[in-house]
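# Working through the structure, step by step
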Amino acid sequence: YQTIEGPEGDPAALVWILHHGYTGALPRAALVKGLRQRAGNVQVGDADLLEEQFPEPRFNAWSIGEIHMVDRRIIPNGRRDHFEQNTHYDNICNSIAPLARDIARRCRHSSMLRKWMRDFDIHRDAALEKARSVGTGAMSATNRQAHAKSAAKSLTGMWKIANSEKLPGEVTTGLKSRAKLTEAKVRRLLGETEKLPDPFEAVKPEVRTAYERILS
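Keep in mind that this is a model prediction, so the values were computed, not measured.

For strand β3 (residues 34-39), a buried count of six out of six residues is recorded, marking the element as mostly surrounded by other parts of the structure. Judged by which residues are buried, β3 turns out to be covered on both faces: Gly34, Arg36 and Arg38 on one side and Leu35, Gln37 and Ala39 on the other are all buried. Inspection of the sheet shows β3 paired to strand β5 (residues 64-69) by six bridges, in the parallel sense. For alanine 39, the partnering residue across the bridge sits in β5 and is methionine 69.

Let us now look at the pattern of salt bridges. Evaluated as defined, the whole model comprises 13 salt bridges. For the salt bridge of arginine 58 with glutamate 56, the shortest nitrogen-to-oxygen distance reads 3.0 Å. You can call glutamate 56 partly exposed: its relative accessible area is 26%. Each of Glu8, Asp71 and Arg73 takes part in salt bridges that share partners, so that together they form one network.

In this model, tyrosine 22 sits at a positive phi of 50 degrees, which is unusual for a non-glycine residue. Relative to the helices and strands, tyrosine 22 resides in the loop between β2 (11-17) and β3. By relative accessible area, which is 2% here, tyrosine 22 ends up buried. Positive phi outside glycine occurs at asparagine 41, with the angle close to 60 degrees. Its place among the elements puts asparagine 41 in the loop between β3 and β4 (42-44).

Another point: the side chain of lysine 33. Among the secondary structure elements, lysine 33 is positioned in the loop between β2 and β3. It turns out lysine 33 is buried and unbridged, and the closest side chain with the opposite charge, aspartate 48, is 4.8 Å from it. Discounting residues that sit within four places of it in the chain, lysine 33 has contacts with Leu26, Pro27, Arg28, Ala47, Ala61 and Ser63.

Calculation rules
Residues numbered from 1 in each chain as written. Predicted model: local features only at pLDDT ≥ 70, side-chain atom pairs only at ≥ 80, totals over all residues. Heavy atoms only, no water. Buried < 20%, exposed > 50% of the residue type's maximum accessible area, 1.4 Å probe, protein only. Helix = DSSP H or I, 4+ residues; strand = E, 2+ residues; numbered from the N terminus. Pairing = 2+ DSSP bridges. Salt bridge = Lys/Arg side-chain N within 4 Å of Asp/Glu carboxyl O. Lys, Arg positive; Asp, Glu negative; His and termini not counted. Contact = heavy atoms within 4.5 Å.

Okay, here's the thing in structure tokens:
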């Protein structure tokens, strides 16, 4: 909540903004989407009226908030789909622009955070999948090495995200804990492989090669 002052220092508008998870555009059916403007507590225009104030118009659909005009010199037009264009309304728009930029920054950060979390999970699943495949013991030595190397690469990707300075501290703490547990599980799976008996020990060499190729 904040007050927008007019040219003389008097309150020109009252603003409230609800900050939330910013996980995407809100549905129109929710009836709260977008920064909305009111005069006499009656909405002026629609939810898209302030899109141009955002660096990327789409972020208006991610936001929730209202600007209540209290300066009587800010007047809705005859259709109440916009305001009369004058210096007093221009002052409101100039004050809304920084608020819109802040919302856009929050939207981008939320989007980036979700992408990093998805990438982390992709690396984790890949590392475990490769380690489990090696654990079957039915691969050739060359393929076991390749899968083990791929698992190690995925672990490196996990740690790179977990150690990122761009993520909040509480997020990196949780990711580091998950990365540590995953690394321990991967190393255990790869270590157990060395102790497995050769499943093709009694198979003829030419048949063994065929089996290994098919299973790999």
